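In case you want the letters, here they are:
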Amino acid sequence: MKVRREARLVADRFGGFLDAAPDAMVVVNADGRVLAANRHARALFAYEGDELVGQRIEALVPTRFRDRHVRYREDYARNPHTRPMGAGLDLHGLRKDGTEFPLEISLSPVETDAGRLTIAAIRDSSARRKNEAKFRGLLEAAPDAMIVASRDGRIRLVNGQTERLFGYRRDELLEQPIEILVPSRFAAQHPNHREAYARDPHVRPMGAGLQLYGRRKDGSEFPVEISLSPLETEEGLLITSAVRDITDRKRLEENIRRQNQELAAQNRRVEEASRMKSEFLANMSHELRTPLNSIIGFAEMMHDGMLGPIAADHREYLGDILTSARHLLHLINDVLDLSKVESGTMEFFPEPVDLAALIGSVRDMVRPLASAKRIQIHTEVDSALTQVVIDAAKLTQVISNYLSNALKFTGDDGTVHIRARPDAAGRFRIEVEDNGVGIRPEDVRRLFVEFQQLDAGDAKSFQGTGLGLALTRRLVEAQGGEVGVSSRFGEGSLFYAVLPSVARDASAPSYGHAAARRAVLSPEPRIMVVDDDVAALKLLDTLLQQRGFRPDGFEDPEAALRAAAQAPPDLLILDPLMPGLSAMTFLKRFRAISAATHAPVIIWTVRDMTPIERTELLSVAQDIVINREGGASALLDCVRRHLMSEAPAEGPQ
Amino acid sequence: MTPTPILIVDDNALNAKLTKLLLGKCGYDVKTAAHAREALAILQHFTPALILMDLQLPGIDGFELTRRLKLEPALAGTVIVALTAYAMKGDEQRAIEAGFDGYVTKPIDTRTLPTVVSEYLAKRRSASA
């Protein structure tokens, strides 16, 4: 009866509120009798209408927990306050049909006319349990140790990997401060880091750039990599740490580092050995050449009769000494060159070269041998190939090697042709053809190999180093070219070399990229041209203007000096053959103009100069360009090169 | 007419002897020194019109010795020519920077060296004239 009355009272007072609540709500009196159960509660426990009213609340509790529940209820009655029920316990509800389900309950005491009542808000937690189980499953599936901690650093959840990695059992970790997994020397600072992370939580690696360590239960440490991610939950912010043991990786990295160091050291030793070898060869060849200097010198003086008259047969033997000594010198030079090309220390100095003139001079060198055998040498230089940019000394070596070979292997009254013509785009071809002994097909591939001399057969033994063709090949290949031969045994041979018409040169600004170089030139560099030949002035003026320079021509050197004092040029081109004023005097006065002290000076002349003249001029000028056919482009290259190197270092501001 | 004095500084005795013989045959008054110290001692009482100097010398090398000699007022009129085995570009510039008036590459050519020497001497005379 009392229950009915109280139930009515509750229905009157709280009915509307209870039914509007989103959760299942049950009102219980001090005796543990149900006074009201809202719509959600009836649905949750599968009761209908007023069936629950008047029943003991334990009707909703699985039988095995009922006794305990009564005790809890009595405890609560003595100290009632709003709190979640059975914190940390697995709570279960019992439906009318006898099935159970997990639930969460929050209790609030209410004082009424009917005495103190308790309102229980109940939530089916099976969905949450399922989510949690799924989450745990995920944690267990993760390859890393996963630790979920609250904002205040208490460990809430760990996976099996965590147990294995740190040597703790799960229950030894839960609710412990996460700092127990941190080496003690870092533990004091750790809460600060933790708090900083909580203020700006986002997925990121921990301690970027730092070496992090974990601490096992036994106190041992190991290197770790940690990535952090925030986890927003009903309980507030949780922080998930994925911890990876990187001991193995560290060891691997260390091994690789050590191996790299060893390789680098080995490399240094090899480079050092190669450098020492080159140095040794350079020194050695110097040492070998020095005594040859006196052997050749004394023999030459005696041979030439400078030391008094000598008998004809003595003169002949002195000639033999000279021939042998010069051959030895040649050999030494070849070995040195070969070792230089091999070690990559051979330097190339490309310059504009007049091919016809160069070939002519090589021809002059071998003239004595050619005329001794009455061999005709024909030269053909294609007119389209007036000038190439290449290391003249090395090209001379290549052509002279081919040519002396051709002369050696060609019989008396034979013919040798030297041809130069353009090849594929940007390349030119030099050919030396003879009608000598020729080469057997099986020997051809041995031709360009070091120390391989072919059996000369009937043609006596030929004096040679066995290095000439190998060196030729290496010299040509080092410049990006190629060599080859075609031959018919007994009919003659044709040796060729194909080379870039404009050599690349690492040590100087490259040729052939005028546009690129123009970009870094100051706008319209001012170039002063001093030349008493008006026609030459006019020509240079046109050429320089076409290239974007601002030329200023002067016939009169005095007028040029006055103009330079007014506005010093960026560069000076000077013809040294001026009437009235010597080039040296002019240049000394030009240099005395303070602003022109550093302007590059190019000497531009039609005349070859003696070494003394060159030396003298080069002490005040930067370059000398001889005005031969095609010389204008050499001059323009020279101008660009100097303006490039003189350009002030203007970086972007 | 007294013969023109020339000093050869070369640490290779045979090469120095050869050069001395060659230039002596051309009528010069030639002395030789094997190293910088010997050269300095000779220069106490011998003022050459021309010095042929090897760049590679034991102790003070040819570059350094020339730098020092160029500071001597007594040698203001002396032409110093480098004698070098380095057939390298860039040496020309380096030698001139060190104060050399010119350079000749080794091995010397007995058929051209006398001409080159007389050219340098002619140059010197016309400069001082």
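Everything here concerns the structure above.
Residues numbered from 1 in each chain as written. Chains lettered and ligands numbered in written order. Predicted model: local features only at pLDDT ≥ 70, side-chain atom pairs only at ≥ 80, totals over all residues. Heavy atoms only, no water.

Participant: Help me understand the overall build of chain A, please; the structure alone is not making it clear to me.
Facilitator: When you go through chain A residue by residue, the secondary structure sums to 20 helices and 24 strands. Each of the 653 residues in chain A was classed as buried or not, and the buried ones make up 42%. The contacts in chain A between residues at least 6 apart in sequence include a share of 57% that link residues at least 24 apart. As displayed, chain A has an accessible area near 35000 Å², and 53% of this comes from carbon and sulfur atoms. (Helix = DSSP H or I, 4+ residues; strand = E, 2+ residues; numbered from the N terminus. Buried < 20%, exposed > 50% of the residue type's maximum accessible area, 1.4 Å probe, protein only. Contact = heavy atoms within 4.5 Å. Areas by Shrake-Rupley, 256 points an atom, 1.4 Å probe, with all protein chains shown as cover.)

Participant: I'm lost on the overall build of chain B in this one. Help?
Facilitator: Counting its regular elements, chain B contains five helices and five strands. Ordered by position in the sequence, the α and β elements of chain B form the string β-α-β-α-β-α-β-α-β-α. Per-residue burial over chain B gives 45% buried out of 129 residues. The contacts of chain B with a sequence gap of at least 6 include a subset with a gap of at least 24, amounting to 63%. By element, 53% of the accessible surface of chain B is carried by carbon and sulfur atoms, the whole surface being about 6200 Å².

Participant: Even after reading the chapter, I still don't get the sheet that holds strand 18 (residues 482-488) of chain A, so can you show me in this structure?
Facilitator: In a beta sheet, neighbouring strands pair by backbone hydrogen bonds and run either parallel or antiparallel. All names here are of chain A. Read from one edge to the other, the open sheet built from five strands follows the order 14-16-17-19-18, with strand pairing classed as mixed. The open sheet is flanked by strand 14 (376-381) and strand 18, the only strands paired with a single partner. For this sheet, the mean inter-axis angle between neighbouring strands, taken without regard to orientation, is 10 degrees. Against the sheet, helix 12 (residues 392-408) makes contact with strand 14, strand 16 (415-422), strand 17 (427-434), strand 18 and strand 19 (492-500), and its axis sits at roughly 20 degrees relative to strand 17, the strand it touches most. (Pairing = 2+ DSSP bridges. Axes fitted to C-alpha atoms, helices over the stretch in contact; angles between N-to-C directions.)

Participant: What should I look at first to understand the pairing of strand 17 of chain A in this one?
Facilitator: Walk down a regular strand and you will see the side chains alternate between the two sheet faces. Residues and elements named next belong to chain A. When you tally the buried positions in strand 17, you get six out of eight residues, the bulk of the element. Here strand 16 pairs with strand 17 via seven bridges, running antiparallel. Bridge pairing links V416 to D434 in strand 17. Hairpin geometry of strand 16 and strand 17 is characterised by an intervening segment of four residues between the two adjacent antiparallel strands and by a positive phi of about 75 degrees at G426.

Participant: Hey, could you run me through the pattern of salt bridges in this one?
Facilitator: A side chain of one charge can pair with a side chain of the opposite charge if their charged atoms are brought near each other. Residue and element names in this part refer to chain A. Inspection of the entire model under this criterion finds 38 salt bridges over all chains. When the shortest N-O distance is used, the salt bridge between R185 and E221 registers 2.7 Å. Taken together, the positions of R185 in helix 7 (residues 184-187) and E221 in strand 11 (residues 221-233) put the pair 36 residues apart, joining distant regions of the chain. Residue E431 is joined to R419 by a salt bridge in which the shortest nitrogen-to-oxygen separation is 3.0 Å. Within this pair, whereas E431 is found in strand 17, its partner R419 is found in strand 16, the two being separated by 12 residues in sequence. Taken as a pair, E431 and R419 share a single burial class, namely buried. Because the salt bridges share partners, they merge into one network encompassing E380, R419, R421, R429, E431 and E433. (Salt bridge = Lys/Arg side-chain N within 4 Å of Asp/Glu carboxyl O.)

Participant: Would you mind going over a negative patch on the surface with me for this structure?
Facilitator: All names here are of chain A. A grouping of D532, D533, E555 and D556 is seen on the molecular surface, where their side chains present a negatively charged patch. Considering the arrangement of structural elements, one finds D556 in the loop between strand 21 (550-554) and helix 17 (557-566). Take D556: its relative accessible area is 36%, and that puts it in the partly exposed class. (Patch = residues over 30% accessible without salt bridge, like charges linked within 9 Å, V, L, I, M, F, W, Y side chains within 5 Å. Lys, Arg positive; Asp, Glu negative; His and termini not counted. Charge placed at Lys NZ, Arg CZ, Asp CG, Glu CD.)

Participant: Would you explain the nonpolar core in this entry?
Facilitator: As a rule of thumb, soluble globular proteins bury nonpolar side chains together. All names here are of chain A. One finds L355, L395, Y402, F428, F448 and F495 to be the most contacted residues of the largest nonpolar core, which totals 43 residues. Sorting elements by how many residues they give to this core places helix 12 first, with eight residues. If sequence neighbours within four positions are ignored, F495 has contacts with Y402, I430, E431, V432, I439, L447, F448, L469, G484 and V485. Judged by nonpolar contacts, the second largest core, of 27 residues, contains M528, A564, M584 and I626. (Core = buried A, V, L, I, M, F, W, Y, C linked by side-chain atoms within 4.5 Å.)

Participant: Would you take a moment to explain a nonpolar patch on the surface for this structure?
Facilitator: Residue and element names in this part refer to chain A. A grouping of F280, M284 and L288 is seen on the molecular surface, where their side chains present a nonpolar patch of about 280 Å² in accessible area. One can find M284 in helix 9 (residues 247-303). For M284, a relative accessible area of 33% translates into the label partly exposed.

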